[in-house]
Amino acid sequence: MTTDLNTLREQIDELDHSLLSLLEKRLNLVNQVGVIKDQLGLPLYSPERESLMIKDRRDYAKKHGLSPELAEDILRRIFREAYNRENNEGFKKTFSGKGKIVIFGGNGLMGRLFTRLFSLSGYQVKALGSKTWHEAPDAVADADVVIVSVPINKTLEIIAQLPPLPKECILTDFTSIKQQPLSAMLDKHDGPVVGLHPMFGPDVPNLTKQVVVACDGRYPEKYQWLLSQMQVWGAHLYKIAALDHDRSMSFIQALRHFSSFSYGVNLQQEQANLDQLVALSSPIYRLELMMVGRLFAQDPQLYADIIMSSTQNISLIKRYYERLGELIKLLESGDKTTFIKNFNEVSAWFGEYAQRFMNESRTLLKLANDNRI
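First, a word on scope: everything that follows refers to the structure included in this document.

What counts and what doesn't
Counting restarts for each chain: residues are numbered from 1 in the order of the written sequence. Local features are withheld for residues below a pLDDT of 70 in this predicted model, meaning they are given only at 70 or higher, and side-chain atom pairs are given and counted only at 80 or more; totals for whole chains, interfaces and linings count all residues. Side-chain measures were taken over the full set of non-hydrogen atoms in the model, leaving aside hydrogen atoms and water. Planes of paired rings set the category: under 30 degrees apart is stacked, over 60 is edge-to-face and the rest tilted, where pairs are Phe, Tyr or Trp rings (Trp by its six-membered ring) whose centres lie within 6.5 Å. We call a charge positioned above a ring when the Lys NZ or Arg CZ atom is no farther than 6 Å from the ring centre and deviates by at most 35 degrees from the ring normal. Residues with no salt bridge and a relative accessible area higher than 30% make up the patches, which join like charges within 9 Å and nonpolar side chains (Val, Leu, Ile, Met, Phe, Trp, Tyr) within 5 Å. To be clear on the numbers: accessible area is Shrake-Rupley with a 1.4 Å probe, and residue cover counts the displayed protein chains and nothing else. Take a side-chain nitrogen of Lys or Arg and a carboxyl oxygen of Asp or Glu: if they are within 4 Å of each other, that pair is a salt bridge. Here a helix means four or more residues in a row that DSSP labels H or I, a strand means two or more in a row labelled E, and each is numbered from the N terminus. Note on classification: 1.4 Å probe, protein chains only; a residue is buried when its accessible area is under 20% of the maximum for its type, exposed when over 50%, partly exposed between these limits. By definition, two strands form a pair when at least two bridges between them are found by DSSP. Convention adopted: a line fitted to C-alpha atoms gives each axis, helices being fitted over their contacting stretch, and angles between N-to-C directions are expressed from 0 to 180 degrees. Viewed with both strands pointing away, a crossover whose connecting path from the first strand over the helix to the second turns clockwise is right-handed. Counting of polar contacts relies on pairs of N or O atoms within 3.5 Å, with two restrictions inside protein: one atom must be capable of donating a hydrogen and the other of accepting it, and residues adjacent in sequence are counted only when both atoms are side-chain atoms. As used throughout, the charge tally considers Lys and Arg to be positive and Asp and Glu to be negative, leaving His and the chain termini uncounted. It only takes one pair of heavy atoms within 4.5 Å for two residues to be counted as in contact. Orientation categories follow fixed angle ranges, with anything under 35 degrees roughly parallel, anything over 145 roughly antiparallel, 65 to 115 roughly perpendicular, and all other angles oblique. Helix crossings get a hand from a simple test, with the near helix turned counterclockwise from the far one by less than a right angle marking a left-handed crossing and a clockwise turn marking a right-handed one. Three classes are used: nonpolar for Ala, Val, Leu, Ile, Met, Phe, Trp, Tyr, Cys and Pro, charged for Asp, Glu, Lys and Arg, and polar for all others, with Gly counted as polar. A helix's residues, less one, multiplied by 1.5 Å, set its expected span. We define the nonpolar core as a collection of buried residues of types Ala, Val, Leu, Ile, Met, Phe, Trp, Tyr and Cys that are connected through side-chain atoms lying within 4.5 Å of one another. The arc under discussion is defined with respect to the helix axis, by the directions toward the C-beta atoms.

## With respect to the packing of aromatic side chains
Where two aromatic rings form a pair, the distance of their centres and the angle of their planes describe that pair.
Item 1. One pass over the structure, following the stated rule, counts 13 aromatic pairs.
Item 2. Judged by centre distance (5.1 Å) and plane angle (85°), the rings of Trp349 and Phe350 are edge-to-face.
Item 3. Linked through ring pairs, Phe95, Phe114, Phe118, Tyr123, Phe174, Phe200, Trp225 and Trp233 together constitute an aromatic cluster.
Item 4. The cationic tip of Lys93 hangs over the ring face of Tyr123; the distance from NZ or CZ to the ring centre is 5.2 Å.
Item 5. Just above the ring of Tyr219 sits the side chain of Lys222; from NZ or CZ to the centre is 4.6 Å.

## Regarding a nonpolar patch on the surface
Item 1. Among the surface-exposed residues, Val346, Trp349, Phe350, Tyr353 and Phe357 lie close enough to one another that they form a single nonpolar patch of about 560 Å² accessible area.
Item 2. Only α14 (336-350) and α15 (352-370) provide two or more residues apiece to the nonpolar patch.
Item 3. It is α14 that provides the largest number of residues to the nonpolar patch, a total of three residues.
Item 4. Assignment of secondary structure puts Phe350 in helix α14.
Item 5. Exposure remark for Phe350: the relative accessible area of 34% places this residue in the partly exposed category.

## Some words on the sheet that holds strand β4 (residues 170-173)
Item 1. Within the open sheet, the seven strands sit side by side as β2-β1-β3-β4-β5-β6-β7. Their pairing is mixed. Edge strands, defined here as strands with exactly one partner in the open sheet, are β2 (124-128) and β7 (236-239). Pairwise comparison of adjacent strand axes, ignoring direction, gives a mean angle of 25° for this sheet.
Item 2. Across five bridges, the pairing between strand β1 (residues 100-104) and β2 is parallel. Considered in β2, the bridge of Lys100 is made with Gln124.

## Things to note about the pairing of β7
Item 1. In this structure, strand β6 (residues 211-218) lies alongside β7, joined through four bridges in parallel fashion. Each bridged residue has a counterpart across the sheet, and for Val213 the counterpart in β7 is Tyr238.
Item 2. Read as a crossover between parallel neighbours, the route from β6 over helix α8 (residues 220-232) to β7 is right-handed.

## Things to note about the side chain of Ser281
Item 1. Summarising the element assignment, Ser281 is placed in the loop between α10 (274-280) and α11 (283-295).
Item 2. When its relative accessible area of 13% is taken as the criterion, Ser281 is described as buried.
Item 3. Polar contacts involving the side chain of Ser281 include one to the main-chain carbonyl oxygen of Leu277, which spans 2.4 Å.

## Section: the side chain of Asp305
Item 1. As for its position among the elements, Asp305 is in helix α12 (residues 300-307).
Item 2. One buried charge, Asp305, has no salt-bridge partner; the nearest side chain with opposite charge is Lys154, at 9.2 Å.
Item 3. Sequence-distant contacts of Asp305, that is, excluding residues within four places in its chain, are made with Pro151, Ile152 and Asn153.

## Digging into the packing of helix α9 (residues 242-269) against helix α13 (residues 311-333)
Geometry of a packed helix pair, given as the angle between the helix axes and the separation of the axes.
Item 1. Where α9 meets α13, the axes come as close as 9 Å, and the angle between the chain directions of the two elements is 55°. With respect to their mutual orientation, α9 and α13 come out oblique. Crossing hand, α9 versus α13: right-handed. Residues Asp246, Arg247, Ser250, Phe251, Ala254, Leu255, Phe258 and Ser259 of α9 form the contact with α13, whose own contacting residues are Gln312, Asn313, Leu316, Ile317 and Tyr320.
Item 2. A breakdown of the residues in the contact of α9 with α13 according to their chemical character gives seven nonpolar, four polar and two charged.

## So, α14
For an α-helix, 3.6 residues make a turn, and residues three or four places apart therefore share a direction.
Item 1. The first and last C-alpha atoms of α14 sit 21 Å apart over 15 residues, in line with the 21 Å expected at 1.5 Å per residue.
Item 2. Between a side-chain oxygen at the N-terminus of α14 and the backbone nitrogen of Thr337 the separation is 3.3 Å; the capping residue is Asp335.
Item 3. One or two residues past the end of α14 sits Gly351, with phi positive at roughly 60°.

## Regarding the environment of Glu322
Item 1. Within the fold, Glu322 resides in helix α13.
Item 2. By relative accessible area, Glu322 is classed as partly exposed at 48%.
Item 3. For the pair Glu322 and Leu15, spaced 307 residues apart in sequence, the C-alpha separation works out to 60 Å.

## As for the nonpolar core
Across soluble globular proteins, nonpolar side chains have a tendency to be buried as a group.
Item 1. Within the largest apolar cluster, 36 residues are counted, with the highest numbers of intra-cluster contacts made by Phe114 and Leu196.
Item 2. Elements represented by at least two residues in this core include exactly α2 (47-63), α3 (68-87), β1, α4 (109-120), β3 (145-148), β5 (193-198), β6 and α8.
Item 3. Broken down by element, this core gets its largest block of residues, six residues, from α8.
Item 4. Within the second largest apolar cluster, 22 residues are counted, among which are Leu128, Val146, Leu162 and Val213.

## Here we look at α11
Item 1. The end-to-end C-alpha separation of α11 is 19 Å, in line with the 18 Å expected for 13 residues at 1.5 Å each.
Item 2. Those residues of α11 lying buried are Leu289, Val292 and Leu295. Burial along α11 is one-sided: seen end-on, the buried residues are contained in an arc of 115°.

## As for the pairing of β6
Item 1. Note: β5 against β6, six bridges, orientation antiparallel. The residue bridging Gly195 from the neighbouring strand is Cys215, located in β6.

Next comes the structure, spelled out in structure tokens:
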């Protein structure tokens, strides 16, 4: 029996090696695709092509008695690796001129990410920080794009201190609030202005499927090439008015981060046993705990700036606090009928998104369970 088991395991090992060899060949083909995409100026990410491939492989797997879900899981992981490889091969440059990019705050994490991306596309990038501010007038004199990528609490100050920019130079920022910076840039520069918000952290390996928010400022036809460049990198552009962006960010960032912060503070003050919480948590609760822990592994100044960036955020959080108080009274009353009524009202408000989120979360739960030690 032991001999038979070892023989089967050896055969499995050989097949695994064969699979890895095939994977290597596939990724080599991906590199060739990346070169052609670069020559043609095609985006890194093609959602139509990806959807067709997933459908085809799912159908093929089902036809041959395999799990379509397994086929899709494997393919999506291969896609991710392929995008990472293509990301390091260079990109088409969408600007026809010299393409000098000046990034104020270019030595920060986000600044370094975009310095790498612009450089891969053949642009000349100049990063400026507090120690090199004296170089700003010369640096921007022939700039095609000036990017302000500094902490929220410094953004307006830096915009105000910018030296005069060339008339055709694009002025933009990477701040997570948009109304005030966009207004300040429009006052500072008479040329093309656009507000940008990369909806991801600087630790992403590439921009494939990442969202970049764009808030129109002035002369959109003159900064369209910059937006197109980000699409070539694989980003998905979402255009929105600055006012609407900031309102959404109050929910997506300020309220969400404050909730995680509050939950973490409560865990610490209750002296919860994290080892036990991790061991006893099902995948969904482990994910929630991970998201809270992730917050406290990052820069506290950044989250203080995000949460306290506007009175609108504070007002939203105060309303949230008041509703929590009302719901606590509901729990104290033991009124399950009203609880269920409220639950159903919220469920109806979510509509089809509730089931959509249920389906999407299943994939995340599988990954969380696979990574469990």
